[in-house]
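# Structural overview
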Amino acid sequence: LTCCLALGAVFLLCKCTRCRMRDCACCRWLLRTLQIDKFEDTMVSVVISEASYTGDVGELIVRVTAGDEVVKTDPSDDGNFRFGSKILIAQGTQVVLVELMDSREYTVYAELPLDPIIDLRINAEDPGFERQFLNMDEVSEGINRPAVQMAVHGESYRMQNRFGSVMQRVGYGEDAVLVTQQLHQTYVQHYGSMDEEDVEQPPPSGFDLATKTCAGPVRIFGGWGSRRAVYIAVQGPPRFNDWMLGVWSTEDDFKASKDPQEKINLLRVLSVQSEPTRPDVFVVNFMVTRT
């Protein structure tokens, strides 16, 4: 009876979010052995692409909280985010909370609780989920029908092995998380699941994968603050003699093999860099004519 009471007390303490028992390695091992905690410390990558909602509430951010770990996006006034970060899902974490809130973090407009085991599949060989829209619960007045487009990926050996040649040229931090997520999405779209091994067809080269990854919808900024939605992609032989960055009106036009509205020879590209005042904007500098 004494033993049962002791185990019951341990269980209740461990369910308390303020309990610091897991700071001790021996306690963490005991809780895993007793199956009170269902998973160990797990590092995952979180990518936030967009938040959709109706309402005018100014600049918003998306904040992700897992126990003591907190990451958040830069403010956005149109719901588009370019954010990627790694976050530690510590052993014993009961919920990962995604919140849509004002840029000063005073008002939470919507929230989405994610269960580490059910929603994030933390115990799976490849935890997380592909990029998708997830409906959020309204918390405060001001917005309606909130949803967030996000993806979560674990640090699997397959990813590191398949994308190593490309990731060697990418720095650390947010850029590495975003590039890895985009490479993974492109691989699944063009070559199938990463769990499938095709002995007859070798895996794509880093160059082939990178060219297919450099495609997607963007908005081009023009004079007087004008913006137009387009689709860009990298194309080369046999369609073009040289490798080009093409601009199409829509993705459907690109898939229909229509001629691009504009194209830039990649050999004339001088640099691709982010806009200092807008982290979600990049600038392509290129030579118009040979000099």
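Because the structure is a prediction, the values reported are computed rather than measured.

### Structural notes on the overall build of the chain
When you go through the chain residue by residue, the secondary structure sums to six helices and 15 strands. The 291 residues of the chain split such that 35% are buried. Here the analysis covers contacts within the chain between residues at least 6 apart in sequence; of these, 49% occur between residues at least 24 apart. In the structure as shown, the chain presents an accessible area of about 17700 Å², 53% of it carried by carbon and sulfur atoms.

### Considering the side chain of Asp102
By the secondary structure assignment, Asp102 is in strand S5 (residues 96–102). For Asp102, a relative accessible area of 9% gives the class buried. Among residues more than four places away in sequence, those in contact with Asp102 are Glu59, Leu60, Ile61, Thr107 and Tyr109.

### Some remarks on the packing of aromatic side chains
According to the stated counting rule, one finds three aromatic pairs in the structure shown. Measuring from ring centre to ring centre gives 5.1 Å for Phe207 and Trp243, while their planes differ by 85 degrees; the resulting arrangement is edge-to-face. Remark: Trp243 occurs in the loop between strand S11 (227–235) and strand S12 (244–248) and Phe207 occurs in helix H5 (residues 206–213); sequence separation between them is 36 residues. By relative accessible area, Phe207 is classed as partly exposed at 47%. On the basis of an interplanar angle of 35 degrees and a centroid distance of 5.3 Å, the ring pair of Tyr231 and Phe254 is categorised as tilted. In this pair, Tyr231 sits in strand S11 while Phe254 sits in helix H6 (residues 251–255), placing the two residues 23 residues apart along the sequence.

### Some words on the confidence of the model for the chain
Of the residues in the chain, 81% have a pLDDT of 70 or more, and the chain-wide mean is 82. This model gives residues 3–13 a pLDDT under 50, and the stretch forms seven contacts once residues within four places in sequence are excluded.

### Observations concerning a nonpolar patch on the surface
Residues Phe207, Trp243 and Leu266 make up a contiguous nonpolar surface patch of about 270 Å² in total accessible area. Since its relative accessible area comes to 31%, Trp243 is described here as partly exposed.

### Digging into the sheet that holds S11
Taken together, four strands build an open sheet; the order of strands is S10-S11-S12-S13 and the sheet is antiparallel. Sheet topology places strand S10 (215–221) and strand S13 (262–265) at the edges, where each strand pairs with a single neighbour. Strand-to-strand twist across the sheet, computed as the mean angle between neighbouring axes with direction ignored, equals 30 degrees. Strand direction decides the pairing type here: S11 and S12, joined by five bridges, are antiparallel. Bridged to Gln235 within S12 is Met244.

Conventions used here
- Residues numbered from 1 in each chain as written.
- Predicted model: local features only at pLDDT ≥ 70, side-chain atom pairs only at ≥ 80, totals over all residues.
- Heavy atoms only, no water.
- Helix = DSSP H or I, 4+ residues; strand = E, 2+ residues; numbered from the N terminus.
- Buried < 20%, exposed > 50% of the residue type's maximum accessible area, 1.4 Å probe, protein only.
- Contact = heavy atoms within 4.5 Å.
- Areas by Shrake-Rupley, 256 points an atom, 1.4 Å probe, with all protein chains shown as cover.
- Phe/Tyr/Trp six-rings, centres within 6.5 Å; stacked < 30°, edge-to-face > 60°.
- pLDDT = per-residue confidence, 0-100.
- Patch = residues over 30% accessible without salt bridge, like charges linked within 9 Å, V, L, I, M, F, W, Y side chains within 5 Å.
- Salt bridge = Lys/Arg side-chain N within 4 Å of Asp/Glu carboxyl O.
- Pairing = 2+ DSSP bridges.
- Axes fitted to C-alpha atoms, helices over the stretch in contact; angles between N-to-C directions.

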